[in-house]
Every structure is written in structure tokens, then in C-alpha cells.
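# Breakdown of the fold
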Amino acid sequence: MFKKVSTVFILGLNTVFCSAQQVRPSKSSEIYRELKTLKQLPKVLYLAAHPDDENTGLLSWLINDQNVETGYLSLTRGDGGQNLLGTEQGAALGLIRTHELLEARKLDGARQFFTRAIDFGFSKNTTDTFKQWNADSITADVVWVIRQFRPDVIICRFPPTAAAGHGQHAASAVVAEKAFKLAGNKNAFPDQLKYVNVWQPKRVLWNTFRFGGVNTTAENQLKVTVGQYDPQLGMGYGELAGLSRSLHKSQGAGTQSVAGIRTEYFAHVSGEPAKATLFDGITKTWTSQGNADIDQSLDKIISAFSFNNPDLSLPALLALRKKVVALKDSDVKKDKLKSLDHIIVSCVGFMGEVVTNQAEAVAGNHYNFSLNLISRAADPVVLENVKWVNQSESFNRKLSKDSLITLQHDIQIPEDAALTEPYWLAKPPVNAATFSVPNDTLVGLPEAESPLNVLLGLKIGSEKFQVQLPLSFKKLDPVRGDVVEALRIVPALELKFTQPLYLVREDEDLQLNLNVKVNSNKPYRKGVLNLMYNGERLGGADVSLNNGKDITINYVIPKTKLAAINSARWQLDASFVADGATFNKKQVLIQYPHLPSLQYFAPATVTVMNGDIQAKIKKVGYIEGAGDFIPEFLRIAGIQVDVLKDEDFYGNSDESVENNSRNKLSQYDAIILGVRANNTEKKLGRWMPFLWSYAKAGGNLVMQYNTNQDTTVDQLGMYNFSIANKRVTEENASVKFLNPGHKLLNFPNKITADDFKGWVQERGAYFPAQWDAAYEPLFEMYDTGEEPLQGSTLYAKYGKGNFIYTPLAFFRQLPAGNVGAARLFFNFLSAQKN
């Protein structure tokens, strides 16, 4: 149900919004493109399932060549994907991928939209997908985006068939066609009509493709030539597309910037067929809408535009603004006036920012901010007034050309200011497949507008404008230069466990020794720490905060209390009470060079694994692959983990390279290759002979899953096997033990069917399809209605040692605290100890 109106809808039409932390003028070439886009009335919505599904080449052409406003609607934020950058999974990965999309959109110029759907991982068909996703809920979200954005053409990346290659891909096409048919129906989702009008696009098309061995294009389909060279960009649209797509760094989606034209193909899906162009039968110009005077004004402005002096266009732009304000179509007026105002503010060369030197702030506290303003127009811009969040001040001050003005002001953060976090993570999800959104009108937005802003009243010529500047943090980085990011509102006190999970093993003394870090952002002197399980207090302590300094509290939960908990995996909750207020959140801060600092808050909880988990190893070597949690998990379990580097294979002694390496590697009870090591570690080709030699001499080599994309080594095993895109996506799929007496299933832990209960997202992916007879498969498993697969774990004896290839999803199970997965993984690592 739609209940609230977001800030986006209630602010005046003449407000210039700022999606970044500064208002900065567009380049002259960008202003010129924006003017040509102002002439075009059609819009295009491209629709698919995930970040990196979009056709950036087509988006770049639509925006920069056709000058058509274009948006990309990704049903999900990519939460179920895999991460090549770090250990983030789930919601944290979705946050990273959201901002990678936004960085890509800054390059290609498209708008970005999302639904509330959560990416739950790979699915094989739409039936499987809609068991997880609520089709009506997602359709409502797509209808909302259509009614709000008002596209004339919807383009799907995928078909609703198996050719889509992924159930969520196919589902995006199903939802797109359904939403297309409902968006213009006033009886469909009527609560939305409090805020938007119905809208009926002209058509839905499928952007057919050639992916690998799948070719869905045909010569009788509508064809469009894209990729042309644009002298204002200094590159072709295909080259721009490669740069844009390569910002999907967490997925390793780096793409070549290919120069030259190419053909895009389109198949008709629904609506009025297109015969010659994407925009057949669509009103394209102001003149055809009955506003020839606007077309004529824009033609003159574009013809006379000066790239060196864009402010010369101001008189004509301000006159044009009066004509746009007089339009009767409120939706067109809202869209075009917002674009026109942005052009006008850019033409005066206006820059504005409001910054402090602290990255984090607490509600209720005061901070000193600098308001920096500059205009480069010959005719002065007048600063009439400033609203400093909670108070207003009149100025009536002219901004002299190219002269920076700095105003200092103390701003109190409102007592009720919300924490800075993504709106879709502010509340627990509705279920595993749907985010909870606190304000329904936020649906579709990549992120919410900043609620903490300084509002400027400007006068340009005879017209008045409001410019919104978010409260920001600015610092000088010695490598990156000026860094300007959102001011992050944090709790007055945060707390978190110093480990992401704890392991209590039955072969050790049954007590839980844990540490809780308390980070006080206000000068609290003392408080009470509470540790809770299932609503009951397991323990706690009175704590002195040493005049507000951060401290780490050590606490031991004795075995008498642990013994009463009859669960192999359980959750411990922490809270802290100070001055009558209760705090129970931990900050999750994500920082990568290609993204702004990202923050959200999670409950201060930790998973405790408590069971019969035996490990007979003390020291392992680890070859890092894509970011995963396994090295940290092993260290939590008390195992020494050394990340192997070049020197561990070549060394510096007088021995031969091979002997030196064998002697050095022989210290490890097992050597593990991280997930996708063959895709990420470019030195692996040099190392593999030494790893084989290690195994042959009596070592234990355990290799996790790899893909066939961008590989370093052609043959990973001592005996050949071939990886295929075969997987078991049902996390509760039954598992058959092919040889129950095998040592990997009996030492040091007796593995049973119970050890495969409670797995998350999937059993595994990229199973081998064929393998040498020297390998012994351990398990058979399959998704409903499919043929059994035996490639989830292959074992081979090699010389005196062992080689294990396992694409089972340990990288997901161990962070989730799955005891059965831990028992099985420790068996693999302990193979040479049997």
C-alpha cells in the first residue's frame, strides 16, 4: 500500500536536486547534449534482472546519439552474486553492486531503478524463480516505475524462455510484459494513483543477442546500428559502453571498449509493432505536441550555443523556462523543468557544497560547516537566502564572477535524524526474497535523497531557483586529492562482537570466550552490557567507558549455561544501556577505491556454532581467490593460515627451486585454493607444478570451485576434468552418499545426511561434467526434475597424497555458521591425517 509521499514529490518544481555531494556545473559538451535531450519527448526503459545485465552499448547510443532519456530497471541489486573484491555477501554485496551501477550510469548517462526483489542466487526457470519472488509484488514495483518514469518504449534484455539462461532473467521478461499491460489500467494498483498517473507505453521489445553458442537474432528482426564515433566524447559508443560496464568490478565484468559500429536486433513482444525505428508512432517533438514555440526556442539556443561561454545562452533559457512553466501537462512540465533548471544552473557555472571535516555525526550534536559557493557567469547570480537545516538567514548577496564565497555556520543535527543507511536495509526484509521499504514511494530509487540539506535561494536573471546541498564530509587525501562524501549519521553508541562468529567445539572446554567492542560517539561514562539468547539474559557486565573512549569488553559464558542450549547454531544478541538509552546496532562500513564510503547498520548479534566439530590439522596454506571468508573461519577455529605468495614457491635458499618449494610447502597439513583462484590468481600457472609436487610427496591439496571465464590454467588437476555450468540451486536438495565408507566421510567427523541440513542459497555451482577415471565422486545430488549430478566433490589419490576438487558452496555455508558444512570441510582438510 502506498501511504507516504517522499521528499521527491513534495518539494517545489524549481528545486535543483543534487544526487552527489556537490552541485557542480556540467561540461559544455554535456550541457549541449542536455539541450538536445530537452528537445526529445520519448523515453526508453531497459529492463533486466541484475546489475551487469544491461546492454551498455545500447544505453550509450540511446542517450548520446538519439538524445533520448533512458533508464535501466534492474529487478534486483545483485545480492545473490559472487564477490571478486572482498568477503561481502548478501545485502552488503547488493549495496556494492548498487553503487557500481550508479558509477556506470555517471558515464553512460542513464537513469537507474530497482524493485524490492532480492537476488536469491541462480534459478533455472521461472517456476523456480516465482516460488521465491512474489510475482504480483514485483509487477506492482515495475508498474510504479513505468508510471513514474513514463517510458514510451520498454526493452527487455531477455526472453521469458530457457534461452534467457537464468530463471531470474526469464522472470524479468514475464514481469515486464505483465506490467506493460497493467500500467495504463486505473484499476491496477490504484493506491499508486495518489502520486502518479496511469501511463501506457507504446511497445515492449526484446533486445535479442548472441551469447556464447546461443544466437537469438534474426535478419527479419528490427535492426539498429549503434557504436558510432562521437567527437564530443572522443570515442565511439561501444568504447564508452566498455568503460561503463567495467565499473561492475565486484563481478569481474571488465569489458573491452570496442570501437566501430555494430547492429542491435529487436523482436516484438507486445503493444504496437515497430517497423522502421524504435520510436515508430511515438510523439517525438514539441511541435507534434502543439508546442512549436518551444521547439523553435530550443533550435535557436542549440544553434547559438557557445562551448566557451555557455552563460550567453541564459537570456534565451530563462525565456524558455517561462514557456515550460506555462505547460498544461504537469508530468511533462515536471520532467522538463527539472532538466531545464539543471541546464541553467550549469550555464552560470555554479558550484556549491556544504562540508565539515568529520565523516560521522551524531543526532543532536553541533558541527561547524563551510558553505562554499561560486558562479562564473558575467551577470551576477544573487544568493537571496540560506536555510541551514533548522534555521533561515537572508543575504541578498551577489556572487561575483569566479570568486569563491565561503560562509561558516554551526549546524545542529536534528535530534530525530535517521541513521545514514540504504532505505531498503533500514528494516528487516519481508522475507528472503523481498526487501522491506519504509516509505513505498521510495520504490524504484537507487537510493533516497539526503534528508539533511542546506537549501539555497538563488536569483538568476529574473527567475528564482532553489538549490539543495546535502551535508557532506570533505578531506584532502594525499593520493586521491579532494574526497567529498555524504556525512554519515551514526548512533551515539555502537557495539559489535570482534569476531563474525564463534566456534565452541565439543573436543574443547565448553565455554565461550568472547569480546564485544563498544564505540562511544558521545561521552558516556558507564553502562551495562547485556548478552541475550532467545530473549533471556545469558550474562552481562557493568562497564566503565573511560570518559567516552572506545573499549573492548571480554566476557566468558560458562559451560553450565552453554549446556542448556540445545542447538548446533544459535544467535547471541548484545545490547548496551547507557543513561537510560538502549543501543544494539553495529556499523557495517564498506570502502573500496572506486566507490564512496558505504554504511548500513545491523543488529549487534553473532552466530555461535556449537557441536561435534573435529579438526585434525594445525597449519594450512591458502591461495587466495575471489574474496571469501574461509581463511578467517579457519583462524577462528584455531588453525594457522598462511596466505601463499611467490616466495613460498621459489624461496631464497641454495636448494633447487623444486626441492626448496617442496620442503617449504611440506609444513602444511593442507593447501587450499580459494574460490575462483584460477580466475583471479594470474601466477597460478607457475605455482601448479609445485602444488602437484606437494601432493605427490604426501600433501593434501583442496581446490574450491572455479569457472571457465578468464582462466589461468587449462588443467587444474593432476588428472583431467572439465568444468561445466552445472549446479544444484536447491539448498535443501537431497544428497546421496556414493561410498558411505569413504575416509572423507568418516574422519575425523562421521558425515550423515544431517550435515546437509540448513544450507543456504545453493548446494554448489560449476560442477565438473567429465573426469578421469582416477577420480572418485563422493555425492550425487540434483534439483527437482533434473538428472542426478555427481560432480560436487571429486577425490583422487596422487602419489602419497590427496587431491580434492569441491565446488560445494562452502564460501556461503561457513559464514552462515553451518555446522555440517564445517564438519565436512574439516574432513577434506584432514584427509592426510587419516
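The numbering scheme is per chain: residues are counted from 1 as the chain's sequence reads. For this predicted model, a pLDDT threshold of at least 70 governs which residues receive local features, and a threshold of 80 or more governs which side-chain atom pairs are given and counted, while totals over whole chains, interfaces and linings are taken from all residues. Values shown for side chains rest on all heavy atoms present in the structure; no hydrogens or waters enter the calculation.

### Examining the overall build of the chain
This is how the line gets drawn: The helix count covers DSSP runs of H or I at least four residues long, the strand count covers runs of E at least two residues long, and both are numbered beginning at the N terminus. Using C-alpha atoms as the atom set, the radius of gyration is obtained and then compared with a globule rule of 2.2 Å times the number of residues to the power 0.38. Each residue is placed in one exposure class: buried if its accessible area under a 1.4 Å probe, protein chains only, is under 20% of its type's maximum, exposed if it is over 50%, and partly exposed if it falls in between. Throughout, a residue-residue contact means that at least one pair of heavy atoms, one from each residue, lies within 4.5 Å. Method for areas: the Shrake-Rupley scheme with a 1.4 Å probe, in which residue coverage is limited to the protein chains shown. We count Lys and Arg on the positive side and Asp and Glu on the negative side, and we leave His and both chain ends out. For the purpose of locating charges, the reference atoms are NZ of Lys, CZ of Arg, CG of Asp and CD of Glu.
Secondary structure assignment for the chain yields 19 helices and 44 strands. In terms of overall dimensions, the chain is globule-like: its C-alpha atoms have a radius of gyration of 30 Å, near the 28 Å expected for 834 residues. The C-alpha extent of the chain, read off along each of the three principal axes, is 85 × 75 × 65 Å. Counting across all 834 residues of the chain, residues that qualify as buried make up 56%. Sequence-distant contacts, at least 24 apart, represent 73% of the contacts inside the chain between residues at least 6 apart. Of the accessible surface of the chain, which amounts to about 34300 Å², a share of 48% is contributed by carbon and sulfur atoms. One way to put it: in the chain the 90 positive side-chain charges average out to a point 2 Å from where the 86 negative ones average out.

### Re the pattern of salt bridges
Here is the rule: In what follows, salt bridge is the name for a side-chain nitrogen of Lys or Arg lying within 4 Å of a carboxyl oxygen of Asp or Glu.
For the coordinates displayed, the defined rule picks out 36 salt bridges. The partner of Glu103 in a salt bridge is Lys106, with the nearest N and O atoms 3.0 Å apart. With a gap of three residues between them, Glu103 and Lys106 both fall in helix H4 (residues 90–108), about one helical turn apart. We classify Glu103 as buried; its relative accessible area is 18%. Sharing partners across several salt bridges, the network here consists of Arg321, Lys322, Asp341 and Glu463.

### Some points on unusual backbone geometry
Residue Phe747 is joined to Pro748 through a cis peptide bond whose omega torsion reads -10°. Relative to the elements of secondary structure, Pro748 occurs in the loop between strand S39 (735–737) and strand S40 (764–771). Despite not being glycine, Arg150 has its phi angle at roughly 60°, a positive value. Mapping Arg150 onto the fold places it in the loop between helix H6 (135–149) and strand S5 (153–156). Here Arg150 falls in the buried class, since its relative accessible area comes to 12%.

### Re the packing of aromatic side chains
Using the following cut-off: Think of it this way: a Phe, Tyr or Trp ring, Trp meaning its six-membered ring, pairs with another when their centres are within 6.5 Å, and the plane angle makes it stacked under 30 degrees, edge-to-face over 60, tilted otherwise. Charges are assigned to positions over rings by a cutoff of 6 Å between ring centre and Lys NZ or Arg CZ, combined with an angular limit of 35 degrees from the ring normal.
What the rule picks out here adds up to 33 aromatic pairs. Between Phe649 and Trp687 the ring centres are 4.6 Å apart and the planes differ by 15°, which places this aromatic pair in the stacked class. Pair noted here: Phe649 is in helix H14 (residues 646–650) and Trp687 is in helix H17 (residues 684–696), with a separation of 38 residues, a long-range link. Taken individually, Phe649 and Trp687 each receive the classification buried, so the pair is uniform in this respect. Here the aromatic cluster, defined as three or more aromatic residues joined through ring pairs, consists of Phe737, Phe756, Trp759, Phe779, Phe810, Phe825 and Phe828. Sitting over the face of the ring of Phe122, Arg727 holds its NZ or CZ atom 4.0 Å from the ring centroid. Its end group placed over the ring of Tyr766, Arg727 keeps NZ or CZ at 4.9 Å from the ring centre.

### A look at the sheet that holds strand S34 (residues 619–623)
Stated precisely, the cut-off is as follows: Any two strands with at least two DSSP-identified bridges between them are counted as paired. All axes here are fitted lines through C-alpha atoms, helices being fitted over the stretch that makes contact, and every angle between N-to-C directions spans 0 to 180 degrees.
The seven strands are arranged S35-S34-S36-S37-S44-S43-S41 in an open sheet whose pairing can be described as mixed. Since the sheet does not close on itself, it has two edges, and those belong to strand S35 (640–643) and strand S41 (776–777), each with one partner. When strand S37 (residues 700–704) meets strand S44 (residues 801–806), the two strands line up parallel, connected through five bridges. By the bridge assignment for S44, Asn700 is matched with Asn802. Running at roughly 135° to S37, helix H19 (residues 819–829) makes contact with strand S36 (670–673), S37 and S44 of the sheet.

### Regarding the sheet that holds strand S28 (residues 551–557)
Pairing is antiparallel in the open sheet, where three strands are placed in the order S23-S25-S28. Across the chains shown, the open sheet's two edge strands, defined by having one partner strand only, are strand S23 (493–497) and S28. When strand polarity is set aside, the average angle formed by the axes of neighbouring strands in this sheet is 25°.

### With respect to the side chain of Gln22
Looking at the secondary structure, you find Gln22 in the loop between strand S1 (15–16) and helix H2 (28–39). Other than its neighbours up to four places away in sequence, Gln22 contacts Gly352, Glu353 and Val484.

### Considering helix H7 (residues 167–182)
Using the following cut-off: Working rule for helices: expected span equals 1.5 Å times residues minus one.
The end-to-end C-alpha distance of H7, which contains 16 residues, comes to 23 Å, matching closely the 22 Å that a straight helix rising 1.5 Å per residue would cover. Among all positions of H7, only Gly167, Gln168, His169, Ala170, Ala171, Ser172, Ala173, Val175, Ala176, Ala179 and Phe180 are buried. Among the structural elements, strand S2 (43–48), helix H5 (126–132), H6, S5, strand S6 (203–208) and strand S12 (262–271) are those in contact with the buried residues of H7.

### Some words on H6
Using the following cut-off: N or O atoms closer than or at 3.5 Å make up a polar contact, with two conditions inside protein: a donor-capable atom paired with an acceptor-capable one, and, for residues adjacent in sequence, both atoms drawn from side chains.
In this model H6 runs 21 Å from its N-terminal to its C-terminal C-alpha over 15 residues, within 8% of the 21 Å that 1.5 Å per residue would give. Within H6, twelve of the 15 residues are buried, which leaves the element mostly enclosed by the surrounding structure. Listed in full, the buried residues belonging to H6 are Ile138, Thr139, Ala140, Asp141, Val142, Val143, Trp144, Val145, Ile146, Arg147, Gln148 and Phe149. Looking at where H6 begins, the residue whose side-chain oxygen comes 3.0 Å from the main-chain nitrogen of Asp136 is Asn134.

### Regarding the side chain of Ser74
Tracing the backbone shows Ser74 in strand S3 (residues 69–74). A distance of 2.6 Å separates a polar side-chain atom of Ser74 from the backbone oxygen of Thr76. Those residues in contact with Ser74 that lie beyond four places of it in its chain are Ala48, Ala49, His50, Pro51, Leu101, Gln112, Phe113, Phe114 and Thr115.

### As for the confidence of the model for the chain
Under the convention used in this document: Predictor confidence is given residue by residue as pLDDT, running from a minimum of 0 to a maximum of 100.
Per-residue pLDDT for the chain averages 93, and the proportion of residues at 70 or more is 96%. Counted against residues more than four places away or in other chains, residues 1–14, with its pLDDT under 50, gives 38 contacts.

### A closer look at the pairing of strand S9 (residues 222–226)
By the alternation rule, side chains of S9 split into Leu222, Val224 and Val226, which are all buried, and Lys223 and Thr225, of which none is buried. Sheet topology note: the S9/S12 ladder contains five bridges and is antiparallel. Its bridge partner lying in S12, Leu222 is registered against Phe266.

### Considering the packing of H6 against H7
For the record, the criterion: Roughly parallel means an angle under 35 degrees; roughly antiparallel, over 145; roughly perpendicular, 65 to 115; everything else is oblique. Crossing handedness: left-handed means the near helix sits turned counterclockwise from the far one by under a right angle, and right-handed means the same turn made clockwise. Under this grouping Gly is polar, as are all residues other than the nonpolar Ala, Val, Leu, Ile, Met, Phe, Trp, Tyr, Cys and Pro and the charged Asp, Glu, Lys and Arg.
Taken N-terminus to C-terminus, the directions of H6 and H7 make an angle of 55°; their axes are 9 Å apart at the nearest point. Taken as axis vectors, H6 and H7 run oblique relative to one another. Regarding H6 and H7, the two cross each other, and that crossing is right-handed. Between H6 and H7, the residues in contact are Asp136, Ile138, Thr139, Val142, Val143, Ile146 and Arg147 and Val175, Lys178, Ala179, Phe180 and Leu182, respectively. Residue composition of the contact of H6 with H7, by class: eight nonpolar, one polar and three charged.

### Focus: the pairing of S5
Our working rule: With the strands aimed away from the viewer, a crossover counts as right-handed if its path from the first strand over the helix to the second runs clockwise.
Here S5 shows a buried face lined by Val153 and Ile155 and a second buried face lined by Ile154 and Cys156. As paired strands, S2 and S5 are joined by four bridges and run parallel to one another. Each bridged residue has a counterpart across the sheet, and for Val44 the counterpart in S5 is Val153. Taken together, S5, H7 and S6 constitute a β-α-β crossover, and its handedness is right-handed.

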